[in-house]
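# What the coordinates show
This is what each chain is made of:
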Amino acid sequence: MLVNMRDLLDAAKSGNYAVGSFSVANMEMVLGVLKAAKELNAPVILQIAEVRLKQSPLEIIGPLMVAAAENAETPVAVHFDHGKTIEKISEALDLGFTSVMFDGSHLPLDKNIEETKKVMALAADYDAAVEAEIGCVGGSEDGSEDIAINCTKPSDAVRFADETKVDALAVAIGNAHGNYKSTPKLRFDILEECAESVSVPLVLHGGTGISPNDFVRCSKTGIKKINIATATFDMVEKTVRDCYNKNKIKGYYDLHAAEIEGAYENAKRHILIFGTDNKA
């Protein structure tokens, strides 16, 4: 069933676990994620980032995501990730997305607050949740930029949460988008201070490559939404490649099944780590 992300994060906060937010690029990835959610009786979030719309146009992938959530057997929120423009955020809301993210992390704090408030006002007309980000998570969503990590200042998190009243706040604690070049060293001291200082659910971007133990520690320290993108895409590609190498793909529908299986296996693994199984 299609639900508001706000409700999923509130439940995660009460239950002390994190909800997986899985980036998707086609129908097969959507089907794979929802297959795992059904099997594990888990709530999930389906998301797509604005930077990915050149491959998966919003007017095509968006209605598919919303329809899939509406027909799912577990609670599913549909989230527009890393929204950069009011135009696309508005389009996502019109299509029925129950959550949007405005990414003003590249802006000065005052400007980030100002622009986030505009998105909050827009989303209120749809009763949609809003996520924002302060500090800079490393890399970029599509790997096109090598953005340096700029960890969130806990005092900024307090001010931002107080002034914007956002529903979820992404923080930078040494995490980065894409595949890590070395083992990430997360700043749990910063995370702990943010979690103690603000009541808003926190979000971890750049989940690919973080260890299961660090995921669990994050989920117990204020992180209630964990984004998984690169791991999904990598697992789908690997599963397809392995099937071709083993001569298991004889036609299109074998390829279709392999893509679903890759997304399913990746979502299943992360749901179990995040502790979201049997939380639907």
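All values derive from a computational prediction rather than experimental measurement.

## What to know about the nonpolar core
- Counting residues in each nonpolar core, the largest one holds 70 residues, and the members touching the most others are Met65, Phe80, Phe97, Val100 and Leu202.
- Those residues within four positions of Met65 in sequence are excluded, and the remaining contacts are Val24, Val30, Leu46, Gln47, Ile48, Val78, His79 and Phe97.
- Counting 13 residues, the second largest nonpolar core, distinct from the first, contains Ile45, Ala77, Ala129 and Ala170.

## Focus: helix α6 (residues 154–164)
- For α6, the set of buried residues is Pro154, Ala157, Phe160, Ala161 and Thr164. For α6, the buried positions fall inside an angular range of 115° around the axis, keeping them on one side.
- At its buried positions, α6 is contacted by α5 (109–124), β5 (129–134), β6 (168–171) and α7 (188–197).
- The first or second residue beyond α6 is Lys165, which carries a positive phi of 60°.

## Points about the packing of helix α8 (residues 212–219) against helix α10 (residues 252–274)
- It is the contact of α8 with α10, at a shortest axis distance of 9 Å, that shows an interaxial angle of 50°. Relative to α10, the element α8 lies oblique. Touching Pro212, Phe215 and Val216 of α8 are Arg269, His270, Ile273 and Phe274, all from α10.
- Taken together, the residues of the contact of α8 with α10 sort by class into 5 nonpolar, 1 polar and 1 charged.

## A few points about the pattern of salt bridges
- Enumeration over the complete set of coordinates arrives at 18 salt bridges.
- Among the salt bridges present, the one from Glu115 reaches Lys111, with a minimum N-O distance of 3.3 Å. Taken as a pair, Glu115 and Lys111 lie in helix α5 at a separation of 4 residues, close to a single helical turn.
- Since its relative accessible area comes to 15%, Glu115 is described here as buried.
- Here the salt bridges do not stand alone but share partners, grouping Lys111, Glu114, Glu115 and Lys118 into one network.

Rules and cut-offs
Residues numbered from 1 in each chain as written. Predicted model: local features only at pLDDT ≥ 70, side-chain atom pairs only at ≥ 80, totals over all residues. Heavy atoms only, no water. Core = buried A, V, L, I, M, F, W, Y, C linked by side-chain atoms within 4.5 Å. Buried < 20%, exposed > 50% of the residue type's maximum accessible area, 1.4 Å probe, protein only. Contact = heavy atoms within 4.5 Å. Helix = DSSP H or I, 4+ residues; strand = E, 2+ residues; numbered from the N terminus. Arc of directions from axis to C-beta. Axes fitted to C-alpha atoms, helices over the stretch in contact; angles between N-to-C directions. Parallel < 35°, antiparallel > 145°, perpendicular 65-115°, else oblique. Nonpolar A, V, L, I, M, F, W, Y, C, P; charged D, E, K, R; others polar. Salt bridge = Lys/Arg side-chain N within 4 Å of Asp/Glu carboxyl O.

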